[in-house]
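# Coordinate inspection notes
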Amino acid sequence: MSTSDSYIIQDASPESSNDQDEIDSLPSSIDTSDLDSEEGDSDAQKEWEASLQQLELVLTMVIVPYAGKYFGRKFAYWSWAKYMEWMYPVEVRITSSKTFKAAGAVEAAASI
């Protein structure tokens, strides 16, 4: 035996190491249906989150500004009418409610 051989540890038998590896490792038969359902859930979850993000963008970029502009104009016309009635002896009347609402909607959408 040489000096280099004295530092190498030899296994007792190669078959015993394979038995030990099998005991320590995970089972070789994994139920693939469990993996598929988890993957499907994660894909569905990703699609759901993407849909929510798109809905949030539509709300914040289109609907909220449009609604704010529409109701802001309505409030401005209402407050202007109240101020004019209070300050001057005039009566502000809207003759056609439908036309007034339609014009407000068209004005609010004009610059979007």
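Residues numbered from 1 in each chain as written. Predicted model: local features only at pLDDT ≥ 70, side-chain atom pairs only at ≥ 80, totals over all residues. Heavy atoms only, no water.

Let us now look at the overall build of the protein chain. In terms of regular secondary structure, the protein chain is built from three helices and zero strands. Helices (α) and strands (β) of the protein chain occur, in sequence order from the N terminus, as α-α-α. The buried share among the 112 residues of the protein chain stands at 4%. (Helix = DSSP H or I, 4+ residues; strand = E, 2+ residues; numbered from the N terminus. Buried < 20%, exposed > 50% of the residue type's maximum accessible area, 1.4 Å probe, protein only.)

A cluster of nonpolar side chains, contributed by Trp-48, Leu-52, Leu-55, Leu-57, Val-58, Leu-59, Met-61, Val-62, Ile-63 and Val-64, occupies part of the molecular surface with about 960 Å² of accessible area. Assignment of secondary structure puts Ile-63 in helix H2 (residues 32-87). (Patch = residues over 30% accessible without salt bridge, like charges linked within 9 Å, V, L, I, M, F, W, Y side chains within 5 Å. Areas by Shrake-Rupley, 256 points an atom, 1.4 Å probe, with all protein chains shown as cover. Salt bridge = Lys/Arg side-chain N within 4 Å of Asp/Glu carboxyl O.)

Okay, the packing of aromatic side chains next. Inspection of every chain in the model, using the stated rule, returns three aromatic pairs. Ring geometry for Tyr-70 and Phe-71: centres 5.2 Å apart, planes at 75 degrees, overall edge-to-face. For the ring pair Tyr-83 and Trp-86, a centre distance of 6.1 Å and an interplane angle of 45 degrees mean the geometry is tilted. In this pair, Tyr-83 and Trp-86 both sit in helix H2, three residues apart, roughly one turn of the helix. Overall, the relative accessible area of 40% leaves Tyr-83 in the partly exposed class. (Phe/Tyr/Trp six-rings, centres within 6.5 Å; stacked < 30°, edge-to-face > 60°.)

For the rest of this paragraph, the subject is the pattern of salt bridges. Summed over the entire model, instances satisfying the criterion amount to one salt bridge. A salt bridge links Glu-91 to Arg-93, with the shortest nitrogen-to-oxygen separation between them at 3.7 Å. Exposure class is identical for Glu-91 and Arg-93. Each is exposed.

Let us now look at the confidence of the model for the protein chain. Per-residue pLDDT for the protein chain has a mean of 76; in total, 62% of the residues score no lower than 70. No element of the protein chain has a lower mean pLDDT than helix H1 (residues 14-24), at 57, and none a higher one than H2, at 85. (pLDDT = per-residue confidence, 0-100.)

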